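Report on the structure
So you can see what is in the structure, the chains are spelled out below.
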Amino acid sequence: TRRVHSIVSGESDGYTFQAKPGQRISVAVTSGKDDAVITILYRKNSKWVVVETAEKARVWHGKLPESVLGKYKIIVGSNRGKTTYELFVGITVVAD
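Read on for an overview of the structure.

Each value, and the rule that gives it
Residues numbered from 1 in each chain as written. Predicted model: local features only at pLDDT ≥ 70, side-chain atom pairs only at ≥ 80, totals over all residues. Heavy atoms only, no water. Core = buried A, V, L, I, M, F, W, Y, C linked by side-chain atoms within 4.5 Å. Buried < 20%, exposed > 50% of the residue type's maximum accessible area, 1.4 Å probe, protein only. Helix = DSSP H or I, 4+ residues; strand = E, 2+ residues; numbered from the N terminus. Pairing = 2+ DSSP bridges. Axes fitted to C-alpha atoms, helices over the stretch in contact; angles between N-to-C directions. Phe/Tyr/Trp six-rings, centres within 6.5 Å; stacked < 30°, edge-to-face > 60°. Polar contact = N/O pair within 3.5 Å; in protein donor to acceptor, adjacent residues only side chain to side chain. Contact = heavy atoms within 4.5 Å.

**Here we look at the nonpolar core**
Counting 20 residues, the largest nonpolar core has I38, I74, V76 and L87 as the members making the most contacts within it. At the level of secondary structure, the elements contributing two or more residues to this core comprise β3 (24–31), β4 (36–44), β7 (71–78) and β8 (83–91). In terms of residues, this core owes the most to one element, β4, which gives 4 residues.

**Some thoughts on the sheet that holds β8**
In space, the 4 strands of this open sheet follow the order β1-β8-β3-β6, with antiparallel pairing throughout. The open sheet terminates on both sides in strands that have one partner only, identified here as β1 (2–7) and β6 (59–63). If you compare each strand with its neighbour and ignore which way they point, the axes differ by 15 degrees on average. Alignment of β3 against β6, held across 5 bridges, turns out to be antiparallel. Bridge assignment links R24 to a residue of β6, and that residue is K63.

**A word on the sheet that holds β7**
With antiparallel pairing, the 4 strands of this open sheet are ordered in space as β2-β7-β4-β5. Two strands in the sheet have a free side with no partner beyond their single neighbour: β2 (12–18) and β5 (47–50). Averaged over all adjacent pairs, the angle separating strand axes in this sheet is 30 degrees, with direction ignored. Pairing of β2 with β7 involves 7 bridges; the strand directions are antiparallel. For D13, the partnering residue across the bridge sits in β7 and is V76.

**Thoughts on the packing of aromatic side chains**
Both the distance between ring centres and the angle between the ring planes are used here to describe each pair of aromatic rings. Using the criterion set out here, one finds 1 aromatic pair in the structure. Taken together, a centroid distance of 5.6 Å and an interplanar angle of 20 degrees make the contact between F17 and Y72 stacked. In this pair, F17 is assigned in strand β2 and Y72 in strand β7, connecting sequence segments 55 residues apart. Y72 carries the same exposure label as F17, and that label is buried.

**Side note on the pairing of β7**
Among the 8 residues that make up β7, 6 are buried, leaving the element largely enclosed by the rest of the structure. As defined by bridge partners, β4 adjoins β7 across 7 bridges and the pair is classed as antiparallel. Looking at the pairing, I40 lines up with I74 of β7.

**Brief notes about the side chain of T39**
Looking at the secondary structure, you find T39 in strand β4. Classification of T39 as buried rests on a relative accessible area of 12%. Separated by 3.2 Å, the side chain of T39 and the backbone nitrogen of K56 make a polar contact. Apart from the residues lying within four places of it in its own chain, the contact partners of T39 are V50, A54, E55, K56, K73, I74 and I75.

Note that every value here comes from positions in space, so none of it alone points to a role or purpose.
Printed below as a string of structure tokens:
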């Protein structure tokens, strides 16, 4: 999946999706000045928690941890002013 959007410093865009624990995900964000970053979150009890090593990154891939109701979130932010970004997300299909 690919998404193009603009944000300003101090604001963020959030994308929620459902997946199964153990599925592999690849996420990348690109921007003209390399100022867009991603943070990936999962639900633990009633709180959103950052996936280990997936905070303020430009690229992340790994296995998704167990999350309440299989819900996950990708937050895109800017670390310097206004930016236009492209977000790429790929999730592997896991056989039941």
